[in-house]
There are 4 protein chains.
Amino acid sequence: MNRIALLDDGYLELVETWGSDERIVEAARMSTGKGFQGWGPNDCPDCGPLPSEEKIHLHGTPLGKEGCSTCRGKGYVAGDEKLLRFLSENHHDTPFEMGGMVIEVKAPIMVFREWHRHRTQSYNEMSARYTPLPDENYRPTIERLMVNSKSNKQAGTGKGADELTEGTAADWLKELDEAYAHVERVYQHGLQIGVPKELARLPVPVARYSRMRASANLRNWLGFLTLRMAPNAQWEIRQYANALHKVLSETFPRTLGLFDERRS
Amino acid sequence: MNRIALLDDGYLELVETWGSDERIVEAARMSTGKGFQGWGPNDCPDCGPLPSEEKIHLHGTPLGKEGCSTCRGKGYVAGDEKLLRFLSENHHDTPFEMGGMVIEVKAPIMVFREWHRHRTQSYNEMSARYTPLPDENYRPTIERLMVNSKSNKQAGTGKGADELTEGTAADWLKELDEAYAHVERVYQHGLQIGVPKELARLPVPVARYSRMRASANLRNWLGFLTLRMAPNAQWEIRQYANALHKVLSETFPRTLGLFDERRS
Amino acid sequence: MNRIALLDDGYLELVETWGSDERIVEAARMSTGKGFQGWGPNDCPDCGPLPSEEKIHLHGTPLGKEGCSTCRGKGYVAGDEKLLRFLSENHHDTPFEMGGMVIEVKAPIMVFREWHRHRTQSYNEMSARYTPLPDENYRPTIERLMVNSKSNKQAGTGKGADELTEGTAADWLKELDEAYAHVERVYQHGLQIGVPKELARLPVPVARYSRMRASANLRNWLGFLTLRMAPNAQWEIRQYANALHKVLSETFPRTLGLFDERRS
Amino acid sequence: MNRIALLDDGYLELVETWGSDERIVEAARMSTGKGFQGWGPNDCPDCGPLPSEEKIHLHGTPLGKEGCSTCRGKGYVAGDEKLLRFLSENHHDTPFEMGGMVIEVKAPIMVFREWHRHRTQSYNEMSARYTPLPDENYRPTIERLMVNSKSNKQAGTGKGADELTEGTAADWLKELDEAYAHVERVYQHGLQIGVPKELARLPVPVARYSRMRASANLRNWLGFLTLRMAPNAQWEIRQYANALHKVLSETFPRTLGLFDERRS
């Protein structure tokens, strides 16, 4: 099953991928007219198997220069990891457009509001003009509510705000539940008495879950990850970005490995 | 003043335009190396002034072929209206990328949700992560609520819905007001007790007003108008599209005149 | 083998596709929260198998309305062909972004010059800065040279030009060969004496073959076909567009069938 | 006159700009609902005028922190330079989409081939299908031909190539002239005997000059400059990028100042 559960009611699900690390190298080689030449070996010719964490991410340039990390044997010949690394480190980004991924996402509207600012993706989303949105709203945990107040007292709260406690957080969640329930009654009542669907939705909160399919090429997904896995991204969209990273890593393990190196 | 009031609390305001009908012709003429040659005269050489509605929109190709619409005099020589018309009618769209417009817009979130699906525009929007959104929510008029139920009984309402009346519409607006007020109390309370701004906003409705700057070239604005002035576009975004059309027409009167012809 | 030979020395080769007609319907159904429901049957419930040309392209809306084309039986129930047709005919284009194709192309530089004006595709091309371009130049046939002069005496020739004959065409091809050979000698000589590759290429003609990978989603490929299969597109790029159409039709037969209907 | 002469026969000419450094700040301030607040003073309140090179580029953040560079007076209050610097240094790029520029360029086809890979610009170019291209071809100087061979013996020349001398370079330029002349004769003869313009151009070299209009927003122009002012960009397109930088600096002096800081 390709569905990863996120937040209290959301998910990210793989629909399809295209391309591969090999295809990216092939595309880059168009500049010289050569194709993919093969990855380097997983074994050092002098001392045997490489440590597993080096097999994918590290044995490109570093081993090509310095040899095997165990015996420092120099017989080792690196393969096209070197080119992939060169592309990644020098921002030769177009070959990474030759792969991509389609996903399905269920997330709160406020997450989609941030997501849709990425203008290089393709989207098809549920529409409240066509179908009433199911009564599912994002309800953060107390731990999540406390995140900012614990680690960074000021960050993200309004000026002159009190310090949040587990007690006041729990109380506020109850208020939130009541507001969600109130709003839903008005929505449903509007629908029943004949308010057009496109207007009955007016009180629907930005916490309401919606669903979409999204497609992008790998270059643009990496751009999304750069912004949305960053520490200053909102925690909620970061959960989706982390899940996306996981799914992408299965199809493009070497490229994501290099991406991780650059981020750290 | 360049601000056009829209809905109950929104607006569209011109910030800046670039390019002109003449510049579009100049750009198209790059293909042959010639520049802008001039528009045709506003007078027929045989009988005098052309009817005003022809001066801009019509005296290109039609008059070039058929002469003046009053006297059918053939002395008339059309100018670059002919080329502009040819570009417009034959979807030679790239020259229309050589002009554009920046605007500022205040609109409900649900309108921005539709707007931001246009991925060729540039956006900078108010963010509830940085600043609490003012307590302004779109409240439709009774007439607006009735639009669909009068002209098209089924369109847009849920299956099995009652028929909306002025009385039930007015009652529902009161319910909507109460929901808005309830939600605002929860939002403000959250902010006060130290819920991070990015989470305190969870109950904020999609009716809440936000603000943004948007920029696009003329080709992409025309694409926006095509979709958002269409009868099946939601009434609210249509008001913004109509205002946009008005502002664009002042800078690009001939291009918008041709756009209007194609639409009708 | 997926390679289609084109012109005298070019080709178009399928690298990979993603998505399908079914996926497009699934994406469109996100708006209402439903998935793909299935295509209509290939048999009429009253009289048996439908004519084969109707199985894919026609038995959506037309049969839904008018029944089987043989017996006019009304028992027939159309499937999601209806939705696909609706999307195609009403320019609901975003679901068609959920599929796509990567190809490899060898074509003359002048064809690539036109191709690269399509800014929504991804490209990786051979570079004369990195590797000398092989001595392969497009040489049209006499029949091709005569196309315009036969069917449309004026079209495409300069003002005051003579009328091309098979004899003068054949003579000119010899001149062309000599020019190609001369230029190649200067190119090779430059390379040999130490002129940088990026400058030695200066005399290389726009007829020189180059190679690239190109990727785009289906919506953008259809936009490419619309412009480049058109009668006013240059004959050479039309050959590539026709081949592209053929390859796309194998993965997206229903979508391309609808595209063909709209074009005719 | 806004035309900057480039190479032997090319130019870059400003057609129009839109936006300003102030507008970029205004757009960024949409996030908090505030507008442009003003730039910091050009004088230190303690000791008078700032050194001229600090007036624009430096007196934002640095002076805000460290005071005036002459007297270290702390009375200085920095203005919106601080925000502009923050946007530039933290890759908050969307506000830079709110300005832009339209230019006209005459350059060799090989330069346009590189230029058109920037897919976020708008282009209208002269077309050899519509009008014969004038007989103007780029002819590098001997100094230019020697650039690589002097500073970097290997770079850019083919394997096993001789070392270029002023003598062999001069000889090769004569060969180049003859090739250009030969090719032009074949082109003109083709046009005269009735070969369609779109085919008569086949022998035209990639050194042939063409002309275009190009438009982009400031964010995308900065992306162009990043790639095309880089030392590994071909010398010819770097001349155009340098000229573009000069023209942009007149309209957006603060933004380009920050761009220069980041590059160095």
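**Section: the overall build of chain A**
The helix and strand inventory of chain A stands at 11 helices and 7 strands. Considering chain A as a whole, with its 264 residues, one finds that 47% of them fall into the buried category. Long-range contacts, defined as pairs at least 24 residues apart, comprise 71% of the intrachain contacts of chain A with a sequence gap of at least 6.

**A closer look at the sheet that holds strand S2 (residues 10-18) of chain D**
Paired through their backbone hydrogen bonds, the strands of a sheet run either parallel or antiparallel. Residue and element names in this part refer to chain D. Taken together, 5 strands build an open sheet; the order of strands is S1-S2-S5-S7-S6 and the sheet is antiparallel. Of all strands in the sheet, those bounded by a partner on one side alone are strand S1 (3-6) and strand S6 (122-125). Across the sheet, the mean angle separating the axes of adjacent strands is 20 degrees when strand polarity is ignored. Helix H9 (residues 218-228) rests against strand S5 (100-108) and strand S7 (209-217) of the sheet, and its axis sits at about 125 degrees to S7.

**Points about the domain arrangement of chain A**
When cut into domains, chain A gives domain 1 (3-39 + 79-105 + 211-263) and domain 2 (141-206). Once you take the C-alpha centre of each, domain 1 of chain A and domain 2 of chain A turn out to be 34 Å apart.

**Quick notes on the sheet that holds strand S1 (residues 3-6) of chain A**
Residue and element names in this part refer to chain A. Strand order in this open sheet of 5 strands is S1-S2-S5-S7-S6, and the pairing throughout is antiparallel. Unpaired on one side and paired on the other, S1 and strand S6 (122-125) mark the two borders of the sheet. Averaged over all pairs of adjacent strands, the angle between strand axes in this sheet comes to 20 degrees, irrespective of strand direction. The sheet strands contacting helix H10 (residues 235-251) are S1, strand S2 (10-18) and strand S5 (100-108), and the helix crosses S2 at an angle near 30 degrees.

**Observations regarding H9 of chain D**
Of the positions making up H9 of chain D, those classed as buried are Leu218, Arg219, Trp221, Leu222, Phe224, Leu225 and Arg228 of chain D. Buried residues belonging to H9 of chain D abut S5, S7, helix H10 (235-251) and helix H11 (253-263) of chain D.

**So, the interface of chain B and chain A**
Of the residues lining the interface, 48 residues belong to chain B; the matching set on chain A comes to 47 residues. For the side of chain B that touches chain A, the secondary structure elements donating two or more residues are helix H5 (109-115), helix H6 (142-151), helix H7 (166-193) and helix H8 (197-200) of chain B. When the residues that make up the side of chain B that touches chain A are grouped by side-chain class, the tally is 26 nonpolar, 13 polar and 9 charged.

**Digging into the relation of the copies chain D and chain C**
For these two chains of identical sequence, chain D goes onto chain C by a turn of 180 degrees and a shift of 0.0 Å along the axis, with RMSD 0.0 Å. Seen this way, the second copy is the image of the first under a two-fold rotation axis. For chain D, the residue whose C-alpha comes nearest the rotation axis is Pro205 of chain D, separated from it by 2.0 Å. In this assembly the copies share their binding face: 100% of the residues contributing to the interface of chain D also contribute to that of chain C.

**Some thoughts on the confidence of the model for chain A**
Residues and elements named next belong to chain A. Per-residue confidence for chain A gives a mean pLDDT of 88, with 86% of residues at or over 70. In this model residues 56-64 is a low-confidence stretch, pLDDT under 50, and it forms 25 contacts with partners more than four residues away in sequence or in other chains. Interface confidence in the predicted complex, given as ipTM, is 0.89; pTM for the same model is 0.92.

**Quick notes on the relation of the copies chain B and chain A**
At an RMSD of 0.1 Å, chain B and chain A line up after a rotation of 180 degrees and a shift of 0.0 Å along the axis. When you check the interface residues of chain B against chain A, 98% turn up at the interface there too, and the contact is symmetric in its surfaces.

**Here's the deal with the interface of chain D and chain C**
The partner chain C presents 48 residues to the 47 residues of chain D that form the contact. Among the elements of the structure, helix H6 (142-151), helix H7 (166-193) and helix H8 (197-200) of chain D are those that each provide at least two residues to the side of chain D that touches chain C. Of the residues in the side of chain D that touches chain C, the class split is 25 nonpolar, 13 polar and 9 charged.

**Some thoughts on the pairing of strand S2 (residues 10-18) of chain C**
All names here are of chain C. As paired elements, strand S1 (residues 3-6) and S2 share 4 bridges and run antiparallel to each other. Bridging across to S2, Ala5 finds its partner in Tyr11. The hairpin formed by S1 and S2 contains 3 residues between the paired strands, and Leu7 there has a positive phi angle of roughly 55 degrees.

**Quick look at the pairing of strand S2 (residues 10-18) of chain B**
Pairing geometry for S2 of chain B and strand S5 (residues 100-108) of chain B, over 7 bridges, is antiparallel. Along S5 of chain B, the bridge assignment pairs Leu12 of chain B with Val105 of chain B.

**Examining unusual backbone geometry**
You will see that His91 of chain B, though not glycine, has its phi angle at about 55 degrees, which is positive. Take His91 of chain B: there are 10 C-beta atoms within 10 Å of it, and that puts it in the exposed class. With a phi angle near 55 degrees, Leu7 of chain C is a residue other than glycine that sits in the positive phi range. Given 20 C-beta atoms within a 10 Å radius, Leu7 of chain C is considered buried.

**A word on H7 of chain B**
All names here are of chain B. Compared with the 40 Å implied by 1.5 Å per residue over 28 residues, the 41 Å span of H7 between its first and last C-alpha is a close match. Residues of H7 that are buried: Ala169, Trp172, Leu176, Ala179, Tyr180, Val183, Val186, Tyr187, Gly190, Leu191 and Ile193. Just downstream of H7 lies Gly194, where phi reads positive at about 105 degrees.

**Regarding the packing of helix H4 (residues 81-89) of chain D against H11 of chain D**
All names here are of chain D. Look at H4 against H11: their axes get within 10 Å of each other, and the N-to-C directions meet at 45 degrees. For the element pair H4 / H11, the angle class is oblique. H11 is crossed by H4, and the crossing has right-handed handedness. Every residue of H11 that contacts H4 at Glu81, Leu84, Arg85 and Ser88 is listed here: Arg254, Thr255, Leu258 and Arg262. For the contact of H4 with H11, the residue count by class is 2 nonpolar, 2 polar and 4 charged.

**Let's talk about the environment of Cys47 of chain A**
Positionally, Cys47 of chain A belongs in the loop between strand S3 (43-44) and strand S4 (48-49). Residues Cys47 of chain A and Glu89 of chain A lie 42 residues apart in sequence; the distance between their C-alpha atoms is 29 Å.

**Some details on the environment of Tyr123 of chain A**
Looking at where Tyr123 of chain A falls in the secondary structure, it is placed in strand S6. A C-alpha to C-alpha distance of 5.7 Å links Tyr123 of chain A and Arg213 of chain A, two positions 90 residues apart in sequence. When sequence neighbours within four positions are dropped, the list of residues in contact with Tyr123 of chain A reads His116, Met212 and Ala214 of chain A, Arg117 of chain B together with Thr94 of chain C.

Scoring rules and cut-offs
- Residues numbered from 1 in each chain as written.
- Chains lettered and ligands numbered in written order.
- Predicted model: local features only at pLDDT ≥ 70, side-chain atom pairs only at ≥ 80, totals over all residues.
- Helix = DSSP H or I, 4+ residues; strand = E, 2+ residues; numbered from the N terminus.
- Buried ≥ 20, exposed ≤ 12 C-beta atoms within 10 Å, placed from the backbone.
- Contact = placed C-beta atoms within 7 Å.
- Pairing = 2+ DSSP bridges.
- Axes fitted to C-alpha atoms, helices over the stretch in contact; angles between N-to-C directions.
- Domains from an automatic or database assignment.
- Nonpolar A, V, L, I, M, F, W, Y, C, P; charged D, E, K, R; others polar.
- Least-squares fit on C-alpha atoms with pLDDT ≥ 70 in both.
- pLDDT = per-residue confidence, 0-100.
- Expected span 1.5 Å × (residues − 1).
- Parallel < 35°, antiparallel > 145°, perpendicular 65-115°, else oblique.
- Left-handed = near helix turned anticlockwise from the far one by under 90°.

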